[in-house]
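Structural characterization, general
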Amino acid sequence: MQTPIPAEGQGQVVLIFRLCGEDFALPVSCVHEILDPLPVTHLPGAADHVPGLVNVRGTIVPLFDARRRLRMSSTPAGQGRMIVIELPVGGEVTRLALLADSVEEVAETDLSALSSLPELGARWPARFLRGVARRNGGILVLLDPETLFQPEPSTTART
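Heads up: these notes are all about the structure in this document. This one's a predicted model, so the numbers in the text were calculated from it and none came from an experiment. (Residues numbered from 1 in each chain as written. Predicted model: local features only at pLDDT ≥ 70, side-chain atom pairs only at ≥ 80, totals over all residues. Heavy atoms only, no water.)

Once that is clear, we can look at the nonpolar core. One finds Phe17, Phe24, Leu70, Ile85, Leu98, Leu143 and Phe149 to be the most contacted residues of the largest nonpolar core, which totals 26 residues. Only strand S1 (11-19), strand S2 (22-27), strand S7 (81-89), strand S8 (92-100), strand S10 (129-135) and strand S11 (138-143) provide two or more residues apiece to this core. Top contributing element to this core by residue count: S7, with four residues. Not counting the four nearest positions on each side in its chain, Phe17 is found in contact with Glu22, Asp23, Phe24, Ala25, Leu26, Ile83, Leu98, Ala100, Ser102, Val103, Glu104 and Leu143. (Core = buried A, V, L, I, M, F, W, Y, C linked by side-chain atoms within 4.5 Å. Buried < 20%, exposed > 50% of the residue type's maximum accessible area, 1.4 Å probe, protein only. Helix = DSSP H or I, 4+ residues; strand = E, 2+ residues; numbered from the N terminus. Contact = heavy atoms within 4.5 Å.)

This next bit is on the pattern of salt bridges. This structure, assessed with the given rule, holds seven salt bridges. Residues Glu33 and Arg57 are paired through a salt bridge, measuring 2.7 Å at the closest nitrogen-oxygen approach. You can see Glu33 sitting in strand S3 (residues 31-35) and its partner Arg57 sitting in the loop between strand S5 (52-56) and strand S6 (59-64), a full 24 residues away along the chain. Note on Arg57: relative accessible area 66%, which makes it exposed. As a salt-bridge pair, Asp36 and Arg81 come within 3.4 Å of each other at their nearest N and O atoms. Linking Asp36 in the loop between S3 and strand S4 (41-42) with Arg81 in strand S7, this pair joins segments that are 45 residues apart in sequence. Residue classification places Arg81 among the partly exposed residues on the basis of a relative accessible area of 30%. (Salt bridge = Lys/Arg side-chain N within 4 Å of Asp/Glu carboxyl O.)

Here's what the structure looks like:
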């Protein structure tokens, strides 16, 4: 279920970051901190978009690769930034580290200017997006943290 686009005149402060040359945004309210890349402990058999764990100031958190979740090409390890996010996942407040190529700025976005992503020619799965808006001659994609960071349903039964 996609988060509804708010009524006209509603603004939201967002963190704008880049993935594979595109501008994406998340509500700044879920951003805990921004760090340089940390050493990753890879997890065998983990989902492609959660390749490992990182130690963030003594707390072990999952590393989330949004590029893979959004069907984009990967970027070499150790480059870019890590955005530490804190939000409810599965009913519990969870902290995770999101890989980004770069962090651009904190800005207010007029949510009434958001449009739905057209189904035809969409590069990213629509269920992970709240909408798109024009920004500085390009497109800003507002991600939906409620769906983007949810675990995928298990496809195999455990015995």
